[in-house]
Amino acid sequence: MTLRFDIPEENFADILVKAFTNRSFLTGFVITALVAAVAIVSFFWTPFDVTRLIIADKTQAPSPAHWFGTDHFGRDIFSMIMVGARNSIAVALVAVGIGMGVGVPLGALAAARGGVVDEAVMRLNDLVFAFPALLSAIMITAIFGPGALNAIVAIGIFNIPVFARVARAGALAIWPREFILAARAAGKGKALITIEHVLPNIVTLLLVQGTIQFALGILAEAGLSYVGLGTQPPMPSWGRMLFDAQTRMGMAPWMAIFPGMAIVVTVLGLNLLGDGIADILDPKSRRQR
Amino acid sequence: MTAYLLKRLAIALITLVLASMVVFAVLEIIPGDPARLMLGMNASADQVELLRNQMGLNAPLAARYLHWAGGLLSLDFGRSYTYSVPVIDLVRERIVVSLPLALIALALSTIIAIPVGLFSVGRHGRAGDTIAMGAAQLGVAVPNFWFALMLIYLFAVWLRLVPAGGFPGWSAGVWPALKSLVLPAIALALPQAAILARVTRSALIEVLNEDYIRTARAKGLPYRAVLWRHALRNAMIPVLTILGLQFAFLLAGTIIIENVFYLPGLGRLVFQAITQRDLIVVESVVMLLVAAVIAVNLLVDLSYAVVDPRLRSRQ
Amino acid sequence: MSLLEIEKLSLTIGDTPILRDVELAVAPGEVMGLVGESGSGKSITALTVMRLLPWAARASGRVVFDGIDILAASEDQMCALRGDDIGMVFQEPMTALNPVKTIGEQVAEGIRWHTRASRADAEDRARKMLDRVGLPAAQFPLSRYPHELSGGQRQRVVIAIACALKPKLLIADEPTTALDVVLQAQILDLLRDLVSENRMGLLLISHDLAVVTEMAERITILRHGEVMEAGDTARTLSEQLHPYTRQLAQASMHVPARARTNEVGQDNPMLQAKPLLQVESVTRDYPGRRKSLLKRAVPTRAVDDVSFSIDPGQSVALVGRSGCGKSTLARMVLALDGPTSGTIRFRGEVITDKSEAELKPARRDMQVVFQDPYGSFDPRQKVEKLVAEPLHVLDKRPTNAERREMVAKALHEVGLGPRDMDKYPHEFSGGQRQRLSIARAIITRPKLVVADEPVSALDVSIRAQILDLFAELNQKLGVAYLFITHDLTVARAITDQVMIMHAGKIVERGRTSAVLDHPQSEAAKALVAAAPDLHRAIARRLQEQG
């Protein structure tokens, strides 16, 4: 499919003004910043120590002492969510990094070279696309046993063709433009043109896709940890907390409600951020508002 | 037309072959001797060697791959180490749960999403649109297995309307079986529906800005007729793409959701197999799901050609 | 009694005023020309009549069509009018048709909707209509899809849709702007015939005074949303009472002042001995589309055994219809594309089949100006970097200070200031951007500039200025031009020699004035006959009126 998009023609300052008057962007930005802040704070301080098991305090309902209640080992759910945020963000961020780091150069290369190279990259994409993150994680776990690294690798691999496709489609829309021809007439090679003209013009597309994949990564990490293919206990993770909550739904629903809400809020924040960026940078979508 | 079809078919086959090589390679890397695993620790080296020969494990790599791939074609996946029955029997038993669940979820998500997308476009920028898209934005952010837990809490634990989990089997009658699939299907479908509704809406809005929509309006067709006759079909292409992707997500989702509802589907099978290190089962199920994803992508590619005449005349 | 009467029409979109007190009337069977430069509000006026305005538009005043108050009519009333009593033809034929529906469906749809005719009847009428607009059943069955048709053919389908129910008023918004001159003439003829056959009123919107003069009895000139002058076409344009009318008319006929140095050049044996550019039997094939799996694809020949040369300082036009291969040829001259066979020499050196490194010296002396003033700059870079881009080919990289100085000089030469260096391209107007484009082309002091339709996207008054600039630089810097254009007035204004290209071949070459006044080849004759010419059109109108 061909991708059409307009390159925004604005200064950084204009964009900044627009960003902070865009509701989606602002909400998403605040939520994401908050989650990130919580994750960072968790390195230095949590209300309770999440590694200490206090069986006497087990499955307590939310109270002024334990805002979100405690789990079946008496650990403070709020503190666990804080530490879990760190874990989720790290996994999703590295996975996006892998996807971008490998996918974008591949996609840009395919668009610049065309022909056999393009075909090879696209077929490789098809192959990786046939293995949803969960299937990769299952296979990796089958070989190496469970662990947090599996989740990162599986989600990261799945991100590669996503970014390769976006980068390729974006670059293909840039290459036929006259300013590229002008650069070629100025004697610039394909590599230089890709760096100087193509990549800067698709950064926004990649940024939007990045936030989407970040959000999907958080969902995927939670899913993998939930079925035991991701982060392993005792390291708190949102997915694992939900697994522990499952059998105790009847007596301790807060064990399920709060970690789930943490996921929802984080993913919502990232999606709003992505929508906001797309809104701000795409003149077409703005016209529709 | 035929050129396009043949190319897509060829690509799907190549992808399938490559994917089978990847899966086979993974089987090869895995530490441990399947023959030893099957016979147990007390077997003698001779017994193991005999079984290895019987299983063809001593043949060259290429020969073993061809043997394995040939087996797949005739639905012979090998024998489970732990159950000691052909893997295909296990799969056959479980797929009657997983496949209906995925299909019901897909149908449900489509039935919900497309009308919501249309509704939203019709009230573009007004309260109805804002509410629908706000809900969709929220829906996209909800992990399906957490949503499943909440549904169980609400309908099974609290209201006691449906069983909290388990599957009576199709032999217990279609209705009880379906009833136990209702909550899992909803849990799977709603987050997917949210994505699909958003895609439907944005695809329609994009199409409605096209010049040919203005041409249709200039003919005197009212807005609604233009939406149905001209916009919808053009907006189908991105929608189909997402539907294809969603099937892959739904398959993966099914595996996870089965664990929430204790459904005896492929997902349960896979996770049991992982804990028991019954690798041949793991690989077979993975291969099967990969083949399903490739097949659905092929189907999506073919449906593009039905929707868009430009593809039919291109190579 | 007027068919369409617009009185005191004012319109705003959001807070931006678009139209102010526009007055316009079209009588039955009359052709009214609505002329204006971009941003004058002419398209919005048309959309107001159709009531197909953007959401945020607010209109006041009176628009009466056939006794119906358009601005007050209900949406149902408007649906009944659109396509039945008022038809509309749009500018861009490539996107005006639904790609997933057959042309038969699209023409029959309006007929069925308005007349409640059966499918068979509607298709029958659609068939007749397509025959009428020049799309016969043998080649263009109803089952054709838009992508199987060329731009001109698609525009015929759009006209068939608009005229299917013989509307009382036809609105044509720049119906030929996207087509080449020969197609333009054919489409205008078709419109003229349809209008007189059915006594339709025609509101013809165009930026091209010559086109409007040929077609319209009366003319309304719009500028910044206000009517400047209106009246009988021939009288308005010959008397040129209003200053803006005069400005428009003169810009349309503008010929830059230039000494014809290169008439001399031809007599100069020194220059003749050493041509700047030599193109020797160049052919370019593109892989064709395979008809079936068994047959081999037949390649399409875009450029077919072309040879020519350009002397230093000479200005040569390459003229031809769209798709004749002129842009492909230009790309090969610029070494952006390689020929299938043949060689191209620049300053005596072969530039075909050379690596980018080997081409560096040639690139220094050869630059390019593109058509689209918006698409030819990377929106992410500042002017300084953009204009300096060709400095990449210099052997010795200039320092930052040197670079700024060179950019400033180039900007000065095209009439821009040194401060413009730190701006982004979007801060400039279309005409200024084309100046930037020229600054970029001359910064390395090239010997040859290839210009691909450099003024066709510009408004007439801006176009005149840019042509002047080209002429001035030709004199001052002695740079040779290869001007690619479909517009004969541009060729006449700025070039010494003209080459006519048709179906991949150069079919005629000679002095510009000689070729354009006395074309020899069929292709040249067709181009000259089809080209709208304001002088001629006014003269003919005056003659008709006696």
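Residues numbered from 1 in each chain as written. Chains lettered and ligands numbered in written order. Predicted model: local features only at pLDDT ≥ 70, side-chain atom pairs only at ≥ 80, totals over all residues. Heavy atoms only, no water.

## Overview of the overall build of chain C
For chain C, the count of helices and strands is 21 helices and 20 strands. In terms of overall dimensions, chain C is globule-like: its C-alpha atoms have a radius of gyration of 26 Å, near the 24 Å expected for 546 residues. Overall, chain C is about 70 × 60 × 50 Å in size when its C-alpha atoms are taken along their principal axes. For chain C, the residues scored as buried account for 55% of the 546 residues in total. Across chain C, the fraction of contacts at a sequence separation of at least 24, relative to all contacts at a separation of at least 6, is 70%. Surface exposure of chain C reaches about 22700 Å², of which carbon and sulfur atoms provide 50%. Charged side chains in chain C number 70 positive and 70 negative. The centres of these two groups are separated by 4 Å. (Helix = DSSP H or I, 4+ residues; strand = E, 2+ residues; numbered from the N terminus. Rg over C-alpha atoms; globule rule 2.2 N^0.38 Å. Buried < 20%, exposed > 50% of the residue type's maximum accessible area, 1.4 Å probe, protein only. Contact = heavy atoms within 4.5 Å. Areas by Shrake-Rupley, 256 points an atom, 1.4 Å probe, with all protein chains shown as cover. Lys, Arg positive; Asp, Glu negative; His and termini not counted. Charge placed at Lys NZ, Arg CZ, Asp CG, Glu CD.)

## Looking at the packing of helix H5 (residues 133–144) of chain A against helix H10 (residues 223–261) of chain B
Taken N-terminus to C-terminus, the directions of H5(A) and H10(B) make an angle of 60°; their axes are 8 Å apart at the nearest point. As far as their axial angle goes, H10(B) and H5(A) are oblique. Note on element contacts: H10(B) touches H5(A) through B:Ala252, B:Ile255 and B:Ile256, opposite A:Leu134, A:Leu135 and A:Ile138. Broken down by class, the residue content of the contact of H5(A) with H10(B) amounts to six nonpolar, no polar and no charged. (Axes fitted to C-alpha atoms, helices over the stretch in contact; angles between N-to-C directions. Parallel < 35°, antiparallel > 145°, perpendicular 65-115°, else oblique. Nonpolar A, V, L, I, M, F, W, Y, C, P; charged D, E, K, R; others polar.)

## A short note on the UniProt feature "domain: ABC transmembrane type-1" (unreviewed entry) in chain A
Sequence positions flagged by UniProt for "domain: ABC transmembrane type-1" (unreviewed entry) are, in local numbering, residues 85–274 of chain A. From the first C-alpha to the last, residues 85–274 of chain A spans 19 Å; its make-up is 83% helix and 0% strand. (UniProt positions renumbered as here; feature names shortened; annotations may be inferred.)

## Topic: the domain arrangement of chain C
Residue and element names in this part refer to chain C. Under the domain assignment used here, chain C contains domain 1 (4–252) and domain 2 (257–289 + 297–378 + 430–533). The C-alpha centroid of domain 2 is placed 35 Å from the C-alpha centroid of domain 1. Listed per partner, the contact involves 16 residues of domain 1 and 13 residues of domain 2. Contact between domain 1 and domain 2 buries roughly 1400 Å² in total, counting both sides, with carbon and sulfur atoms accounting for 60%. Summed over the three residues of domain 1 that lose the most area to domain 2, namely Asp180, Val181 and Val182, the buried surface amounts to 38% of that side. Where domain 1 meets domain 2, there are one salt bridge. In this structure, aspartate 180 and arginine 321 form a salt bridge, with 3.3 Å as the shortest nitrogen-oxygen distance. Connecting domain 1 to domain 2 are four residue pairs in polar contact (both at pLDDT 80 or more). Looking at the side of domain 1 that touches domain 2, the elements that each hand over two or more residues are helix H6 (181–198), helix H7 (209–215) and helix H9 (243–252). (Domains from an automatic or database assignment. Buried area = accessible area lost by both parts, 1.4 Å probe. Salt bridge = Lys/Arg side-chain N within 4 Å of Asp/Glu carboxyl O. Polar contact = N/O pair within 3.5 Å; in protein donor to acceptor, adjacent residues only side chain to side chain.)

## Structural notes on a nonpolar patch on the surface
Residues and elements named next belong to chain A. A cluster of nonpolar side chains, Leu16, Phe20, Leu26, Phe29 and Val30, forms an exposed patch at the surface whose accessible area comes to about 430 Å². Looking at the nonpolar patch, the element that brings in the most residues is helix H2 (residues 23–44), giving three residues. The topology assignment puts valine 30 in helix H2. (Patch = residues over 30% accessible without salt bridge, like charges linked within 9 Å, V, L, I, M, F, W, Y side chains within 5 Å.)

## Regarding the interface of chain B and chain A
Taken together, the contact between chain B and chain A spans 54 residues of the former and 43 residues of the latter. Between chain B and chain A, the buried area comes to about 4200 Å², and carbon and sulfur atoms account for 76% of it. There are two salt bridges connecting chain B and chain A. The interface formed by chain B and chain A contains five residue pairs in polar contact (both at pLDDT 80 or more). Elements supplying a minimum of two residues to the side of chain B that touches chain A: helix H1 (2–29), helix H6 (127–141), helix H7 (144–158), helix H8 (174–208), H10, helix H11 (266–275) and helix H12 (279–307) of chain B. Of the residues assigned to the side of chain B that touches chain A, the class counts are 41 nonpolar, six polar and seven charged.

## Section: the side chain of C:Asp232
All names here are of chain C. Structurally, aspartate 232 can be placed in strand S10 (residues 226–232). Summary of buried charges: aspartate 232 has no salt-bridge partner, and the nearest side chain of opposite charge, arginine 235, is 4.8 Å away. In terms of polar contacts, aspartate 232 uses its side chain to reach the backbone amide nitrogen of alanine 234, at 3.4 Å. Within polar-contact distance, the side chain of aspartate 232 engages the backbone nitrogen of arginine 235 at 3.1 Å.

## Considering the nonpolar core
Counting 178 residues, the largest nonpolar core has A:Phe131, A:Ile138, A:Leu229, B:Trp68 and B:Val286 as the members making the most contacts within it. Residue contributions to this core peak at 21 residues, all from H10(B). Among the domains, domain 1 (8–73) and domain 2 (94–312) of chain B are the pair contributing at least three residues each to this core. Apart from the residues lying within four places of it in its own chain, the contact partners of A:Ile138 are A:Leu229, B:Ile255, B:Val270, B:Ile274, B:Val282 and B:Val286. (Core = buried A, V, L, I, M, F, W, Y, C linked by side-chain atoms within 4.5 Å.)

## Side note on the packing of aromatic side chains
In this description, an aromatic ring pair is defined by two values, namely the gap between the centres and the angle between the planes. Inspection of the entire model under this criterion finds 15 aromatic pairs over all chains. Considering the side-chain rings of A:Phe25 and A:Phe29, the 5.8 Å spacing of their centres and the 15° angle between planes classify their relative orientation as stacked. With a gap of four residues between them, A:Phe25 and A:Phe29 both fall in helix H2, about one helical turn apart. Centroid distance C:Phe470 to C:Phe483: 5.0 Å. Interplanar angle 70°. Geometry classified as edge-to-face. (Phe/Tyr/Trp six-rings, centres within 6.5 Å; stacked < 30°, edge-to-face > 60°.)

## A short note on the sheet that holds strand S17 (residues 448–452) of chain C
All names here are of chain C. Strands sit in the order S16-S17-S18-S13-S19-S20 across an open sheet of six strands; the sheet is mixed. Edge positions in the open sheet fall to strand S16 (366–369) and strand S20 (505–511), since each of these has one partner strand only. The average angle at which neighbouring strand axes cross in this sheet is 20°, direction not considered. In this sheet, strand S19 (residues 497–502) lies alongside strand S13 (residues 315–320) in parallel orientation, the contact comprising five bridges. Within S19, the position partnered with alanine 317 by the bridge is valine 498. Together, S13, S19 and S20 form the strand contacts of helix H20 (residues 522–530), whose direction differs from that of S19 by roughly 105°. (Pairing = 2+ DSSP bridges.)

## Looking at the UniProt feature "transmembrane region" (unreviewed entry) in chain A
Residue and element names in this part refer to chain A. Mapped onto the present numbering, the UniProt feature "transmembrane region" (unreviewed entry) falls at residues 25–45, 89–112, 124–145, 198–220 and 256–281. Across residues 124–145, the secondary structure splits into 82% helix and 0% strand, with the terminal C-alpha atoms separated by 26 Å. Spanning residues 256–281, this segment combines 100% helix with 0% strand, and its end C-alpha atoms are found 38 Å apart.

## Some thoughts on the UniProt feature "domain: ABC transporter" (unreviewed entry) in chain C
Mapped onto the present numbering, the UniProt feature "domain: ABC transporter" (unreviewed entry) falls on residues 4–249 and 277–528 of chain C. Helix makes up 39% of residues 4–249 of chain C and strand 26%, and the two end C-alpha atoms of the span are 27 Å apart.

## Some words on unusual backbone geometry
Omega for the peptide link from A:Pro233 to A:Pro234 comes to 10°, which places this bond in the cis form. Of note, A:Pro234 is situated in the loop between helix H8 (190–226) and helix H9 (238–246).

## A short note on the interface of chain B and chain C
Contacts between chain B and chain C engage 24 residues on the former and 30 residues on the latter. The largest per-residue losses of area from chain B upon contact with chain C belong to B:Arg214, B:Ala218 and B:Lys219, which jointly make up 23% of the total buried on that side. Viewed at the interface, chain C and chain B are joined by three salt bridges. One salt bridge in this structure joins C:Glu75 and B:Arg217, with 3.4 Å as the shortest N-O distance. Across the contact surface, chain B and chain C share 14 residue pairs in polar contact (both at pLDDT 80 or more). Of all the secondary-structure elements, those providing two or more residues to the side of chain B that touches chain C are helix H9 (211–218), H10 and helix H13 (309–312) of chain B.

## Let's talk about the pairing of S16(C)
Residues and elements named next belong to chain C. Side chains Met366 and Val368 project from S16 onto one buried face, and the interleaved Gln367 and Val369 project onto a second face that is buried too. Across four bridges, the pairing between S16 and S17 is parallel. Within the sheet, the bridge partner assigned to valine 368 lies in S17 and is valine 450.

## Things to note about the pairing of strand S1 (residues 4–13) of chain C
All names here are of chain C. Alignment of S1 against strand S2 (residues 16–26), held across seven bridges, turns out to be antiparallel. Within S2, the position partnered with leucine 9 by the bridge is valine 22. Hairpin connection of S1 to S2: two residues between the antiparallel strands, including glycine 14 at a positive phi of 60°.

## So, the state of the cysteines
Residue and element names in this part refer to chain C. Inspection of the entire model under this criterion finds zero disulfides over all chains. Just so you know, cysteine 79 is unpaired, no disulfide at all, and the nearest cysteine sulfur is the one on cysteine 163, 19 Å from it. Cysteine 79 sits in the buried class, given a relative accessible area of 7%. (Disulfide = S-S within 2.5 Å.)

## Here we look at the sheet that holds strand S12 (residues 300–310) of chain C
Residues and elements named next belong to chain C. With respect to topology, four strands assemble into an open sheet ordered S12-S11-S14-S15, the strand pairing being antiparallel. Each of the sheet's edge strands pairs with one partner strand only, and the pair in question is S12 and strand S15 (349–350). Note that strand S14 (residues 341–346) and S15 share two bridges and pair antiparallel. When the bridges of S15 are listed, phenylalanine 346 appears paired with glutamate 349. Of the strands in this sheet, strand S11 (277–286), S12 and S14 touch helix H12 (residues 326–333), which is tilted by about 55° from S12.

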